[in-house]
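Observations on the three-dimensional arrangement
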Amino acid sequence: MALKALDIYKLLPKKNCKECGDPTCLTFAMKLAGGKADVDLCPYLDEKAKSILGATTRPPIRLVKIGVGERSFAVGEEFVLYRHDKTFYHPPGIIFAVSDSQAPEEIADVTIRVRDETFTRIGSDLRFNGIAIVNTSGSPEVFARAVATVEENADLPLVLITENVDALNAALVQVGSYQPLIHAATRVNFREMCAVAKKHNCPLVVKAQGIENLEALAKDCLAEGIKKLVLDPCPQSLGDYISTATALRQLAITRAAPDLGYPVFLDAACFCFQDAAIALGIVKYASVIVTPPLLPESSKAALTLRQNIYTDPQKPIQMNPGLYRVGTPGKDAPVLVTVNFSLTFFTLQGYLESSRVPCFMLIIDTEGLSVLTAVAAGKFNETLVRDSLKKFDIENEVSHKTLIIPGYAAPLSGRIEETTGWKVLVGPRDAAEIGEYLHEVWQKRG
Ligand code: SF4
């Protein structure tokens with residue numbers, strides 16, 4: 001049964017030392033009660049208190065950080081089965097795999113691609129997360145050389161894929177301090193793998209087929225002192241992956257099997273339909289997805305899907321209200337009013353840029369609602385337009401008093417004219433037609 005914050009507080013050392021990252025023991029207790037902190041963050045808790053608090057207060061899926069530095073990322077700490085129940089918090093890391101048998105130039109090319117490739121969508125920079133080096137050669141020396149090639153070209157989170165402890169040790173001489181994810185501990189090698197992971201403070205993947213075997217192995221690795229675990233259920237097919245990953249998530253978030261409360265690993269290269277495997281991994285609970293380098297079209301699809309799934313469905317992505325410039329607009333440039341729903345903003349901005357007509361975008365605060373919804377809900381109204389014109393001092397930016405409003409806001413045109421004193425032109429409903437509209441209507445107006 002879940003403990004209340006006050007019961008938890010009674011068990012804490014009450015030093016208020018802030019070492020857990022919270023300003024007081026009470027705020028830490030409140031976080032623990034909400035399953036949003038880990039008891040291990042308090043170094044002063046005795047083992048008895050830890051055992052009482054541990055099972056009920058820590059997040060149902062542990063947070064595991066992979067790598068160090070700017071590109072490091074954290075996975076796990078999820079609380080729901082369905083995104084619409086709340087939200088998913090930590091997007092899966094998508095990792096490009098290279099083999100240590102590949103030529104150094106090829107390994108370097110993939111590394112540089114992951115280091116530099118950025119896809120900007122709805123105002124966010126989307127990137128792949130790291131490099132997995134697979135020890136296909138079987139040789140510790142070759143593996144270490146491949147890992148060194150990656151390390152020489154970029155500071156990226158790494159996944160070291162080998163079950164050979166000697167190869168792992170050779171690689172960790174190069175990159176041990178960067179806390180790469182080690183793949184994988186098996187029933188056969190787990191003691192040695194745990195010792196290496198512990199020595200370098202690295203997260204460790206445990207690999208076993210079948211949920212019971214996975215649970216037993218995770219428990220054994222925990223007993224060896226490894227808390228930063230990731231689970232690889234070795235699915236035999238995509239259907240097997242969905243059912244196993246769903247069962248793992250269910251068992252973890254209901255706390256029915258605390259030993260399965262870790263992020264999940266998926267190797268998309270094991271399946272013929274790699275794009276489908278990546279998509280399924282993103283929507284169905286994978287936290288680390290390893291794949292051979294993707295073609296450009298697959299890359300964009302994967303990054304877009306991940307961005308969509310890992311945005312909070314209860315909070316539309318919003319732009320800050322304000323006056324935005326497209327190109328270098330002069331005093332006679334058109335002023336287009338629209339909502340602060342970011343998808344609307346970036347779609348319109350893209351079409352305006354391709355129209356090559358410099359202009360102003362006046363973004364009003366509709367709480368992230370789209371034009372149609374904002375008009376229907378009364379969030380897009382004449383008062384807001386009037387206040388925004390004043391607030392952002394539009395009169396001093398342009399030498400005219402004409403606004404262009406979205407086609408779906410046409411019913412408001414009369415009221416906006418009356419309230420603001422500005423002439424209102426009704427633009428197209430579809431942003432794709434805005435370029436033609438500006439050339440035909442704005443530039444040829446009398
Ligand atoms: Fe309190 Fe422990 Fe946090 Fe210090 S580290 S503030 S003692 S909960």
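These lines cover the structure that appears in this document, whether it is placed above or below. (Residues numbered from 1 in each chain as written. Predicted model: local features only at pLDDT ≥ 70, side-chain atom pairs only at ≥ 80, totals over all residues. Heavy atoms only, no water.)

**As for the site of the ligand**
Put simply, the test is: Residues are classed as near a molecule or strand on a simple rule: at least one heavy atom within 4 Å of it. Throughout, the protein atoms alone are placed on a 1 Å grid, and a set of points is a cavity if a 1.4 Å probe fits but cannot get out or a pocket if it is open with protein on both sides within 12 Å along at least five of seven lines; lining residues have an atom within 4 Å of a point. The rule for placing a molecule in a cavity or pocket is simple: more than half of its atoms must lie within 2 Å of the grid points. Charged residues are taken to be Asp, Glu, Lys and Arg, nonpolar residues to be Ala, Val, Leu, Ile, Met, Phe, Trp, Tyr, Cys and Pro, and polar residues to be all remaining types, Gly included.
Neighbouring the ligand are Lys15, Asn16, Cys17, Lys18, Glu19, Cys20, Cys25, Phe28, Cys42 and Pro43. Put simply, the ligand lies in the largest cavity. Taken together, the residues that form the shell around the ligand break down as six nonpolar, one polar and three charged.

**A look at the side chain of Glu78**
Filter applied, for reference: Where helices and strands are cited, they refer to DSSP runs of H or I of at least four residues and of E of at least two residues respectively, numbered from the N terminus. Polar contact is the term for a pair of N or O atoms within 3.5 Å; when the atoms are in protein, one must be able to donate a hydrogen and the other to accept it, and sequence-neighboring residues count only if both atoms are side-chain atoms. The contact criterion used is simple: two residues touch if any of their non-hydrogen atoms lie within 4.5 Å.
Its location among the elements puts Glu78 in the loop between β2 (73-75) and β3 (93-99). Here the side chain of Glu78 touches Tyr89 through a polar contact of 2.7 Å, landing on its backbone nitrogen. A distance of 2.7 Å separates a polar atom in the side chain of Glu78 from the backbone nitrogen of His90. Among residues more than four places away in sequence, those in contact with Glu78 are Pro60, Ile61, Thr87, Phe88, Tyr89, His90, Arg249, Ile253 and Tyr310.

**Notes on the pattern of salt bridges**
What counts is decided by this rule: Any Lys or Arg side-chain nitrogen found within 4 Å of a carboxyl oxygen on Asp or Glu counts as a salt bridge. Relative accessible area decides the class of each residue, using a 1.4 Å probe on protein chains only: under 20% of the type maximum gives buried, over 50% gives exposed, and in between gives partly exposed.
Under the definition given, this model contains 18 salt bridges. In this structure, Asp38 engages Arg62 in a salt bridge whose closest nitrogen and oxygen atoms are separated by 3.1 Å. Here the residue Asp38 occupies a position in the loop between α2 (25-33) and α3 (47-57), and Arg62 occupies one in the loop between α3 and β1 (64-66), the gap between them amounting to 24 residues. For the pair formed by Asp38 and Arg62, the shared burial category is buried. One network of salt bridges, in which partners are shared, links Asp38, Asp40, Glu47, Lys50, Arg62 and Lys227.

**Considering empty space enclosed by the protein**
Empty pockets left among the atoms are what a rolling probe the size of a water molecule brings to light. Stated precisely, the cut-off is as follows: Grid points are joined across faces, edges and corners, and a volume is the space filled by probe spheres set on the points.
Applying the stated criterion across every chain yields a total of two cavities of 30 Å³ or more. Split into classes, the residues belonging to the lining of the largest cavity amount to 10 nonpolar, two polar and four charged. When its volume is computed, the second largest cavity comes out at roughly 80 Å³. In terms of lining residues, the second largest cavity is bounded by 13 residues, among which Ile61, Arg249, Tyr262, Val264 and Tyr285 are the most central. Top contributing element to the lining of the second largest cavity by residue count: helix α9 (residues 238-253), with four residues. For the lining of the second largest cavity, the per-class residue count stands at nine nonpolar, two polar and two charged.

**Things to note about helix α10 (residues 274-283)**
Applicable threshold: As used here, the arc is the angular range of directions from the helix axis to the C-beta atoms.
Of the positions making up α10, those classed as buried are Ala277, Ile278, Gly281 and Ile282. Viewed end-on, α10 has its buried residues packed into an arc of 135 degrees, placing them on one side of the element. Buried residues along α10 sit in contact with β3, α9, β11 (264-267), β12 (286-291) and α11 (296-309). After α10 finishes, the residue Tyr285 shows a positive phi value of roughly 75 degrees.

**Considerations on the side chain of Arg249**
By secondary structure assignment, the location of Arg249 is in helix α9. If we ignore the near neighbours within four places in the chain, the residues touching Arg249 are Ile61, Glu78, Val80, Leu81, Phe88 and Tyr285.

**What about the sheet that holds strand β17 (residues 423-426)?**
Filter applied, for reference: Pairing between two strands is assigned when DSSP locates at least 2 bridges connecting them. Only the contacting stretch of a helix is used when fitting its axis, a line to C-alpha atoms as for every element, and angles between N-to-C directions run 0 to 180 degrees.
Across the sheet, five strands lie side by side as β13-β15-β14-β16-β17; this open sheet has mixed pairing. Every other strand in the sheet has two partners, leaving β13 (322-326) and β17 as the edge strands with one partner each. Strand-to-strand twist across the sheet, computed as the mean angle between neighbouring axes with direction ignored, equals 30 degrees. In the sheet, strand β14 (residues 335-339) pairs with strand β15 (residues 359-364) via five bridges, with the strands oriented parallel.

**Points about helix α6 (residues 165-175)**
For α6, the set of buried residues is Val165, Ala167, Leu168, Ala171, Leu172 and Val175. Buried residues of α6, viewed axially, fall in a sector of 150 degrees; they line one side. Exposed residues on α6 whose side chains face more than 90 degrees from its buried face are Asp166 and Val173. Contacts made by the buried residues of α6 are with α5 (140-153), β7 (158-161), β8 (181-185) and α7 (190-200). Where α6 starts, the residue carrying a side-chain oxygen 2.8 Å from the main-chain nitrogen of Asp166 turns out to be Asn164.

**Focus: the pairing of β7**
For clarity, the cut-off: With strands facing away from the observer, any crossover in which the path from the first strand over the helix to the second runs clockwise is taken as right-handed.
By the alternation rule, side chains of β7 split into Leu158 and Leu160 and Val159 and Ile161, which are all buried. Judged from the four bridges that link them, strand β6 (residues 130-134) and β7 form a sheet pairing that is parallel. Its bridge partner being in β7, Ile133 is matched across the sheet by Leu160. Regarding the hand of the β-α-β motif, the stretch spanning β6, α5 and β7 is right-handed. In the sheet, β7 pairs with β8 via three bridges, with the strands oriented parallel. When the bridges of β8 are listed, Val159 appears paired with Leu181. Remark: the β7/α6/β8 crossover connection has right-handed handedness.

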